[in-house]
Amino acid sequence: MNLLKPIFEGCRVLVINLKYYFYTKVMGMDISRSARISVGVKLDRTNPKGIHIGEESYVASGSLILAHDYSRNIHTHTYIGKRCFIGANSIILSGIRIGDSVVVGAGAVVTKNVPNNCIVAGNPARVIREGIETTKFGQIRETAHV
């Protein structure tokens, strides 16, 4: 089994790089090279140029990021800041701006802009914690409590 691990890892990296190329070069999305998009993520293909994902952000499997609203015939831009974590199965609606160092909880539905340095969760998503710091891929930096 240990012999298969490097092969699996190599295939995983290849898939990530192919998806990045497809999203940025073919579809025209604005995704930072240092961002990571999980395999099961759905990014808006109706308005792909409206998707913007910042440096060192991570979008987990099952998430949906929209940049259009069919019912109102709107094509807009949706922004995810730097060092954010978008939890599994969350939905980011079109026209939303998520600040830097934000964690979106699993299954959250983000209907309004999110300020920097906070955690949001729920449907609709609400701020549940402020003043956080994140590291690469939106991991919460533990701070010493005095």
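The structure we're discussing is the one just above.
Cut-offs and rules
Residues numbered from 1 in each chain as written. Predicted model: local features only at pLDDT ≥ 70, side-chain atom pairs only at ≥ 80, totals over all residues. Heavy atoms only, no water. Helix = DSSP H or I, 4+ residues; strand = E, 2+ residues; numbered from the N terminus. Expected span 1.5 Å × (residues − 1). Contact = heavy atoms within 4.5 Å. 1 Å grid on protein atoms, 1.4 Å probe; cavity = no way out; pocket = protein on both sides within 12 Å on 5 of 7 lines; lining within 4 Å. Points joined across faces, edges and corners; volume = space filled by probe spheres on them. Nonpolar A, V, L, I, M, F, W, Y, C, P; charged D, E, K, R; others polar. Core = buried A, V, L, I, M, F, W, Y, C linked by side-chain atoms within 4.5 Å. Buried < 20%, exposed > 50% of the residue type's maximum accessible area, 1.4 Å probe, protein only.

Visitor: I'm lost on helix H1 (residues 4-26) in this one. Help?
Guide: Think of an α-helix as 3.6 residues a turn; residues three or four steps apart then line up on the same face. The first and last C-alpha atoms of H1 sit 32 Å apart over 23 residues, in line with the 33 Å expected at 1.5 Å per residue. Tucked into the core, H1 has its buried residues touching strand S1 (30-31), strand S2 (36-37) and strand S3 (42-43). Looking one or two residues past H1, Gly-28 carries a phi angle of roughly 85°, positive in sign.

Visitor: Explain empty space enclosed by the protein to me, please; I cannot follow it from the model alone.
Guide: Empty space among the atoms becomes apparent when a probe as large as a water molecule is rolled across them. Across all of its chains, the model carries one cavity of 30 Å³ or more by this definition. Considering only enclosed or pocket space, the largest cavity measures out at about 70 Å³ in volume. As for the largest cavity, its lining consists of Ile-16, Lys-19, Tyr-20, Tyr-23, Ile-31, Arg-33, Ala-35, Arg-36 and Ile-37. Within the residue set of the lining of the largest cavity, elements represented by two or more residues are H1 and S2. Looking at which element gives the most residues to the lining of the largest cavity, the answer is H1, with four residues. Of the residues in the lining of the largest cavity, the class split is six nonpolar, no polar and three charged.

Visitor: Looking at this model, I keep getting lost on the nonpolar core. Mind explaining?
Guide: As a rule of thumb, soluble globular proteins bury nonpolar side chains together. Ile-31, Leu-43, Ile-53, Ile-65, Ile-98 and Val-104 are the most contacted members of the largest nonpolar core, which has 28 residues in total. Listed by contribution, the elements that provide at least two residues to this core are H1, strand S4 (51-53), strand S13 (102-104) and strand S15 (118-121). Apart from the residues within four sequence positions on either side, Ile-98 is in contact with Tyr-79, Ile-80, Gly-81, Cys-84, Ile-86, Ile-92, Val-104 and Val-114.

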